[in-house]
Amino acid sequence: MIDWLKSQFIEKEQAEDRILVEKAKTGNRDAFGQLYLKYLAGIYRYFYFRMGQNRMQAEDMTEQVFFKAWSALPAYQEKGLKFSSWLYRIAHNLLVDSYRKETEVGKLSESYRFEDKSLEKIVVEEEYVVLHKAINTLTDDQKQIILLKFVEGFNNKEISDITGKQEDSIRALQYRALVKLREILGKENGF
Amino acid sequence: MDFKEEQKIINRLSILQQVEPSPEFVAKIAGDLVYSLPTRPTIKSPIFTFGAAVLSVLFLFFVSGGLVYASQNSLPGQLLYPLKKTLETAQLRLASNPEEKARLHLRLADERLEELQALSGKQSKVLDKASSAYEEEVNGALENVNNLDKEEIVGQLEEKFDQHSKVLEGVLEQAPAQAQSSLNKALEASQKGQSAAQEALEKNPQNPNLEEHLPNKANPSERR
């Protein structure tokens, strides 16, 4: 039942995307704006965690994806490649181009600092710091798979579309990443 | 690693979804950047171009077809009447032999007669033009009457013009005074046509069936 509801939701989302994509292809900037805002946070996160949690760099790259996607959109054809996967593929390619320029692992970003530190937020922040450290122990490929799959919710086929990696390779990377995370998080939390 | 452990890690990772761009950055994208996107010409796919061409042809076909259809009921002095006349002229040019041409003029004479009936109460200038147009069709039908090979068509001419004369006599009885002159001209044309056709039938020595095409010839008064 949950799977059925999930698939219905995904289909509805995709249908909405198709309408906006068609409008944007004809030069409708508002439609493109709506479409991009839908995926903005995910694209931003993708860069944020892959570029040393640097907020400014993540924003800059997110902006670049925005302009690149607009110019490339007339050539986009769905044909098995969802719009969101296509967008992340642009992000991935941009990251590959610029990755070597920026390897510094940043400190905890301002974007995740809470002004009003309720107990709940303090717990979340601490959990975030733990996860942050754990994620940074992963190789770049492992990090990419973990973020796309468990943070952004893509399946293996979609991750393959985005990264160009084989699904078998994605499964292997995912397994090794989870094993590593268990080791790190187990030490931190004692499980 | 067992399934429970794996799920526990996956659940913990979901907290990373809370990392979001600042509201200022979102506002920048939604506002300034959307409107700073370069405009680009609309790219139409070949399918769209082909579809547009098909639609244009269909549109022209239906619009022009609709105009042609509408023009068929137009009267002298109306907007679509010239189109009706143009189409008739084209039909006449396409007629391949004298018989076909005579039949076509006869049909057009029918058409002109209907126009005269419709205009019999209208202003005399338009009615006079309609009367002249009727006369032209009669003359056109009679143009080769003596050279027509088929007696059937000559018989039809005689019969038709006879009917026209009767109709015009009826119209004349009810027409206002200012229409009388024009309608009389048309009546004279139809009578002339009938006489010419009758004469042609009588003169044709090689036609053994000539008499059959003159209904009630033995008693002309019964024919009327």
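Residues numbered from 1 in each chain as written. Chains lettered and ligands numbered in written order. Predicted model: local features only at pLDDT ≥ 70, side-chain atom pairs only at ≥ 80, totals over all residues. Heavy atoms only, no water.

Novice: Explanation requested: the layout of surface pockets in the structure shown.
Specialist: Over the atoms rolls a probe the size of a water molecule, and its path tells where empty space is left. Residue and element names in this part refer to chain A. Taken as a whole, the largest pocket encloses approximately 880 Å³ of empty space. Surrounding the largest pocket, 29 residues form its lining, Tyr39, Lys82, Ser84, Glu152 and Phe154 being those nearest its centre. For the lining of the largest pocket, the secondary structure elements donating two or more residues are helix 1 (2-25), helix 2 (29-50) and helix 4 (83-98). Residue contributions to the lining of the largest pocket peak at ten residues, all from helix 1. Along the lines of polarity and charge, the residues of the lining of the largest pocket split into ten nonpolar, seven polar and twelve charged. (1 Å grid on protein atoms, 1.4 Å probe; cavity = no way out; pocket = protein on both sides within 12 Å on 5 of 7 lines; lining within 4 Å. Points joined across faces, edges and corners; volume = space filled by probe spheres on them. Helix = DSSP H or I, 4+ residues; strand = E, 2+ residues; numbered from the N terminus. Nonpolar A, V, L, I, M, F, W, Y, C, P; charged D, E, K, R; others polar.)

Novice: Please clarify how the nonpolar core should be interpreted in this entry.
Specialist: If you look at soluble globular proteins, the nonpolar side chains tend to sit buried side by side. Core analysis: the largest hydrophobic core is formed by 66 residues, its most contacted members being A:Phe47 and B:Leu16. In contact with A:Phe47, other than residues within four places in its own chain, are A:Ala58, A:Met61, A:Thr62, A:Val65, A:Ala91, A:Leu94 and A:Leu95. Of all hydrophobic cores here, the second largest spans 31 residues; its members include B:Leu127, B:Ala130, B:Val145 and B:Leu172. (Core = buried A, V, L, I, M, F, W, Y, C linked by side-chain atoms within 4.5 Å. Buried < 20%, exposed > 50% of the residue type's maximum accessible area, 1.4 Å probe, protein only. Contact = heavy atoms within 4.5 Å.)

Novice: Please clarify how the environment of B:Ala177 should be interpreted in this entry.
Specialist: All names here are of chain B. With respect to the secondary-structure elements, Ala177 resides in helix 8 (residues 177-203). With relative accessibility at 66%, the residue Ala177 sits in the exposed group. With 53 residues separating them along the chain, Ala177 and Ser124 place their C-alpha atoms 9.6 Å apart.

Novice: It is not clear to me how empty space enclosed by the protein should be interpreted in this structure. Could you clarify?
Specialist: Residue and element names in this part refer to chain B. One pass over the structure, following the stated rule, counts two cavities of 30 Å³ or more. Computed from the structure, the largest cavity encloses a volume of approximately 50 Å³. Taken together, Pro98, Lys101, Ala102, His105, Gly140, Ala141, Glu143, Asn144 and Leu148 make up the full set of residues lining the largest cavity. Only helix 5 (98-119) and helix 6 (124-142) provide two or more residues apiece to the lining of the largest cavity. In terms of residue count, the dominant contributor to the lining of the largest cavity is helix 5 (four residues). Class assignment for the residues of the lining of the largest cavity results in four nonpolar, three polar and two charged.

Geometric descriptors of this kind do not, in isolation, establish any biological role.
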